[in-house]
Each structure stands twice: as structure tokens, then as C-alpha cells.
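The lines below spell out each chain.
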Amino acid sequence: MLRIYNTLARDKQDFKPIEANKVRMYVCGMTVYDYCHLGHARVMVVFDMVYRWLKASGYDVNYVRNITDIDDKIIKRAAENRESIHTLTQRFIDAMHQDADALGVQRPDHEPRATQFVPQMLEMIAQLEKNGLAYLAADGDVNYAVRKFDGYGKLSGKSLEDLRAGERVEVASDKNDPLDFVLWKHAKDSEAEEVKWDSKWGKGRPGWHIECSAMGSELLGKHFDIHGGGADLQFPHHENEIAQSEGAHQCQYVNYWMHNGFVRVDNEKMSKSLGNFFTIREVLKKYDAEVVRFFILRAHYRSPLNYSDQHLDDAKGALTRLYTALKGVPSPTSGRGIEGEGVVDWNAPYAQRFKSAMDDDLNTPEAVAVLFDLANEANRSQSEQAAAQLKALAGVLGLLQRDAQEFLQGGSSDGGMDDSAISAQIEARIAAKKAKNFAEADRIRKELLEAGVVLEDTAQGTSWRRA
RNA sequence: GGUGCGAUAGCAAAGCGGUUAUGCCCCGGAUUGCAAAUCCGGUUAGCCCAGUUCGACUCUGGGUCGCACCUCCA
């Protein structure tokens, strides 16, 4: 049975779906005004892994990951670029998809954009107003009256008193309570028509938190199973979502809240405000996308993950070991089902270990350790079956699905020797070896090594890979 | 200041009240013309102080340090 660490309970709990065999899951996605960085990569990969594991466990999953395409930063960036917000957001949505695809992230079932759900948001705000939880402030904004909602703070474990004590910012004057947050922002004259929607409170645009509440309930219902996102969204974003959804619908919003840990650089959170971030595409210039995915899944999703070249190099070496064990195993026949689906015999010992690791709060480091044990088994026994099992299990994590040779020999584009030049050198070396001219053979091997090519002589002949 | 999380070998990273985590690195052996890859074996752990226990890296208490949230952030 799957157990999930539920932020709401601060503990691991048995996962029981609301509807038998079905899981409804929502994850907070990106605000699209810039390229995704490694922190975004982690959310996408982590919840992709959760999505895959739920499906592999036999659930029919409805996975929603939203796109925030209206927001202060988007408006600002569009103005700086002198382009429409639509042009700007579309460009970065496309870029996000490219990055996600590269990392082997499956598309969610729905990727709703905030701008397409404004009517639902307005409806929800009206309901909150009706329930006495929202009010129109003097400045024209509609705010949420935090004090009126009983359970405020239950997710983040904060009390209103604690929050007040820690206030660091000058309070916006027109709020009844400093902790109240905006549901509807009134339009300013200076703003483009593109960012204004009509409402009964006047022209304006939605606040950030209401997006997720409205899109979540529209696509998944008022009460759904899993809601995920980065740990930094726990407060205030997710706390506010609960206040909105439960305040409007008068029922439980989400059963399991999952939060992934941060990516760090030099032990500090990678973030836009600190400016210490690396974009996905930047990293992919230097490292294979699967190495990056493996690097992420090798750590537990709730633990901090330090980024450095050394760690990526290490991940690359480890992944190389797995692929080496797979040499000669054909790629899965394409065309049907999920990668690895139908191939895994879950009663086999390694598969059982893998499953219990994954069922224990998605313990991918443990699951990956099983992969290495299986690689050892495959190498030792030279069993094609073991290798096939390795590939199938790894497939559940979205790993090891490429042809081993392609992975091991890939990366020629960045200035290395091309494949035909390598083949020519290998032929020359074989000739030298036949003539017992080992000095020449070793010279060629050394030359290739300096070009980043490692040779391996086997009974079947000489193979090579890139270091 | 409030709240929460963490501290495991050279690096990274898990489980577990007693029995090999795992990967990279390092050392020895097998294999190889020599290598590489692979296999076999080995070295290097559990922040500090108390307590519980026959026995603690694992449980409890205290301390120290680190990180995060309390402001937009995945």
C-alpha cells in the first residue's frame, strides 16, 4: 500500500483515494515570464514520477498542472519587452514544454491557463462574498477576510498571532486585517486592456491564489486527492487556497498535500530573488537531460538537493553504469502503453523491493539502489532477463529507455570527434593489434581518450563510449 | 522573534533497535597484450551530551550547527 507524507498531517499516511482506483491530482506549475530553472525542473520531474507511479500502481489518474499567465511580473516583463502578455506567455509556455519534454516529463492531463478560467474565479469570489469571507475594500480590491475562516493556518502550522508577530512588510492600507489577501485586483488606468476583465466589482484581474482554487475545483471537483508544489508554496499560497476553496464550498478541499524540497546552490535555495539560479536549458547544454532527471530522482523528493557540476558528473557516472549493464538489450517496442508497462513482473524479488521503496513515500533513492543491484545481477549472470527487468523497472521512473549505445556514445555535437572518425581510428587500431604493434594500438587508444573517447575491447570486438 | 525541517563514511544519498544500503572515489585480486568495462574482496560512517534498552546511527530529552517559511518564489 502506498504511503504518502501529508504536509497537513506532518506524517506519512496510507493513501486512500476518494473514488476507488481513481486519483485526482493538482500541482502548482509555472508563472510564465521567463525560462524555467532547475527548481522548476525538480517540481516537474518529481510530480511526473508521482504521476507515473500512481499509474503503474493501477490508478486512473487525472493530473492537472496549471500555468499562471496573468500576474504582476508578467505584466511588467511584457511592458519592458513592448510585447503583449499573450505573446510573452506563449513563448515561455513553448519553452517550458521543450524543457519538460527533454527531461522526460509526461504532459499532465490538463494544463489550464489562468486567463481561461476568469469566469470560474469570479464565481468563486462571489460565493466567498456571499459566505461573508470576502469584502470589497476602499481601493477597489476584493480581499479575503482571513479572520473569518476558522481553519486558517492548519496547513502551515501557523497561528494568526504568530504570523502577525512576524510581519515584515508595510501593510497595504485598505485591508481590514494585514493578513488578508487579494482575490480581485482592481484595474489601473495605466494597464493595458489585455489585463482587464469585467466584474461586478469593476474592471480588474484575479489574485494569484484564486487561480488554483478555481481551476482545481473546475477540473477535479471541490474535493480531490492530491495537491502538490514546491515547499515554498506551503505558505501562504496553499494555505490561502484552502481558505478559498473550503470557504466557498464548505467541504474539505484536498486530502493529501505534498511538497517537494528545494534545489540549492552552495547550500542556499535556488531562487529568482537570490539570482543564483541555472535555467534548465543552460544546464542541458552541458549535461544530458536524462542525467539531470536521474540526478533529481536519486534524492528523495522532500530532501534538499544541492546542485553542482561535481554532483552532475557523479550522476552521469552512475547512470553510465546502469546503461552499460543494458548494452545489447533492445529498446522496448514503441507504440503501446506507458514505457515499461506490461513488462514488469511485480512478483519478482527485485520488483517487489522496488515497489515497497516507491510505496514508502516515493522513496526513489531506495528504488534506484534496487536498479543498481539489478545491474550487478545482469552483469554477473549475463542474463538478458535481468537486463530487461532493469530496463522495465527504470522505465517506471522514466529512466533508461534509450538505446544504451545511443546514450553511451551520445554528445558528439560539442566539438568531439565524429562517429566515422572514431570508427576509422578503431579500424586502424585493430590492424595494429593484429600486427602485434601494441605501441601503435596504445597510441591510437590514447589519442582517442584525449578526445574523450574510451575504448573497450570485448570478445565481440572493440566498442567505445564517450567519457 | 515565531514556526517547521535536517545533521550518516572523501563526495552524494537511503533503510533499519541487533544482521552488506546504493553510486562515485580509493586499495587488493580475477580478467586483459596493456587498458577499459565487468566480477570478487576490502578501507572510510552516523554533530555533541545525557537517558531508555541485554543492545541505538535508528527511540526520548537537552545542546550545537545548517536550511527554509513568516514578502514574490517550484
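Residues numbered from 1 in each chain as written. Chains lettered and ligands numbered in written order. Predicted model: local features only at pLDDT ≥ 70, side-chain atom pairs only at ≥ 80, totals over all residues. Heavy atoms only, no water.

1. Focus on the overall build of chain A
Rules: Numbering of helices and strands runs from the N terminus; a helix is a DSSP stretch of H or I covering at least four residues, while a strand is a stretch of E covering at least two. Buried residues are those whose accessible area, probed at 1.4 Å on protein chains only, stays under 20% of the maximum for their type, while exposed residues exceed 50% and partly exposed ones sit between those limits. Throughout, a contact is declared for two residues whenever any of their heavy atoms are within 4.5 Å. For accessible areas, the Shrake-Rupley method is used with a probe of radius 1.4 Å. Any residue's cover is judged against the shown protein chains and nothing else.
Assigned secondary structure in chain A consists of 16 helices and 15 strands. Referenced to the eigenvectors of the C-alpha coordinate spread, the extents of chain A come out at roughly 90 × 50 × 40 Å. Evaluated residue by residue, chain A yields a buried proportion of 49% over its 467 residues. Considering only contacts in chain A between residues 6 or more positions apart, those separated by 24 or more positions represent 73%. When the accessible area of chain A is evaluated, it comes to approximately 21300 Å², of which 47% is carbon and sulfur surface.

2. Focus: the pattern of salt bridges
Any two side chains of opposite charge can pair if their charged atoms end up close together. Put simply, the rule reads: By salt bridge we mean one thing: a side-chain nitrogen of Lys or Arg within 4 Å of a carboxyl oxygen of Asp or Glu.
Per the stated rule, a full pass over the model turns up 42 salt bridges. The shortest N-O distance in the salt bridge between D360 and K12 comes to 2.9 Å. Placement of the pair is D360 in the loop between helix 11 (349-359) and helix 12 (364-381) and K12 in strand 2 (residues 11-14), with a sequence separation of 348 residues. Of the residues examined, D360 reaches a relative accessible area of 30% and is grouped as partly exposed. On the basis of relative accessible area, K12 is assigned to the partly exposed category, the value being 28%.

3. Concerning helix 16 (residues 438-450)
Applicable threshold: The length a helix should cover is 1.5 Å for every residue beyond the first.
Taking 1.5 Å per residue as the helical rise, helix 16 with its 13 residues ought to reach 18 Å, and the 18 Å between its terminal C-alpha atoms agrees with that figure. Buried residues along helix 16 sit against helix 15 (419-434) and strand 14 (453-458). Immediately beyond the C-terminal end of helix 16, within one or two residues, lies G452, with a positive phi of roughly 85°.

4. Remarks on the sheet that holds strand 6 (residues 142-144)
Defined as follows: Think of it this way: DSSP has to see at least two bridges between two strands before they count as a pair. The convention used is that axes are lines fitted to C-alpha atoms, helices contributing only their stretch in contact, and that angles between N-to-C directions extend from 0 to 180 degrees.
With antiparallel pairing, four strands are arranged side by side in an open sheet as 5-6-7-8. Every other strand in the sheet has two partners, leaving strand 5 (134-136) and strand 8 (204-206) as the edge strands with one partner each. Ignoring strand direction, the axes of neighbouring strands in this sheet form an average angle of 25°. As paired strands, strand 5 and strand 6 are joined by three bridges and run antiparallel to one another. Each bridged residue has a counterpart across the sheet, and for A134 the counterpart in strand 6 is Y144. Against the sheet, helix 4 (residues 118-130) makes contact with strand 5, strand 6, strand 7 (181-186) and strand 8, and its axis sits at roughly 120° relative to strand 7, the strand it touches most.

5. Re the packing of aromatic side chains
Quick reminder of the rule: By convention, a stacked pair of Phe, Tyr or Trp rings (six-membered ring in the case of Trp) has centres within 6.5 Å and planes under 30 degrees apart, an edge-to-face pair has planes over 60 apart, and any other such pair is tilted.
Overall, the coordinates contain 15 aromatic pairs when judged by the stated rule. The interplanar angle of 80° and the centroid separation of 5.6 Å between the aromatic rings of W53 and W346 together place this pair among those described as edge-to-face. Taken as a pair, W53 in helix 1 (residues 38-56) and W346 in the loop between helix 10 (309-325) and helix 11 lie far apart in primary sequence, 293 residues in all. With centroids separated by 5.0 Å and ring planes inclined at 5°, the aromatic side chains of Y144 and F181 adopt a geometry described as stacked. Of this pair, Y144 sits in strand 6 while F181 is found in strand 7, placing the two residues 37 residues apart along the sequence. We classify Y144 as buried; its relative accessible area is 0%.

6. Digging into unusual backbone geometry
Excluding glycine, most residues fall at negative phi; most peptide bonds, likewise, are trans. In this structure, P236 follows F235 across a cis peptide bond, with omega equal to 0°. Within the secondary structure, P236 is located in helix 7 (residues 234-249). Despite not being glycine, R82 shows a phi value in the positive range, around 50°. With respect to the helices, strands and loops of the structure, R82 is situated in the loop between helix 2 (72-81) and helix 3 (85-102). Since its relative accessible area comes to 78%, R82 is described here as exposed.

7. Details of the state of the cysteines
Selection criterion: Whenever a pair of cysteine sulfur atoms sits within 2.5 Å, that pair is classed as a disulfide.
Counted by the stated rule, this structure contains zero disulfides. Left unpaired, C28 is separated from the closest cysteine sulfur, that of C212, by 3.9 Å. For the unlinked cysteine C36, the closest cysteine sulfur is that of C28, found at 14 Å.

8. Some thoughts on the packing of helix 10 against helix 12
The condition is simple: For classification purposes, angles smaller than 35 degrees are called roughly parallel, those larger than 145 roughly antiparallel, those between 65 and 115 roughly perpendicular, and all remaining angles oblique. Working rule for handedness: look at the near helix, and if it is turned counterclockwise from the far one by less than a right angle, call the crossing left-handed; if clockwise, right-handed. Each residue gets one of three labels, nonpolar for Ala, Val, Leu, Ile, Met, Phe, Trp, Tyr, Cys and Pro, charged for Asp, Glu, Lys and Arg, and polar for the others, Gly among them.
Where helix 10 meets helix 12, the closest approach of the two axes is 9 Å, and the angle between their N-to-C directions is 40°. Classed by the angle they form, the pair helix 10 and helix 12 counts as oblique. The two elements helix 10 and helix 12 cross, and the hand of that crossing is left-handed. Contacts from A318, R321, L322 and A325 in helix 10 reach L371, F372, A375, N376 and N379 in helix 12. Its residues assigned to classes, the contact of helix 10 with helix 12 comprises six nonpolar, two polar and one charged.

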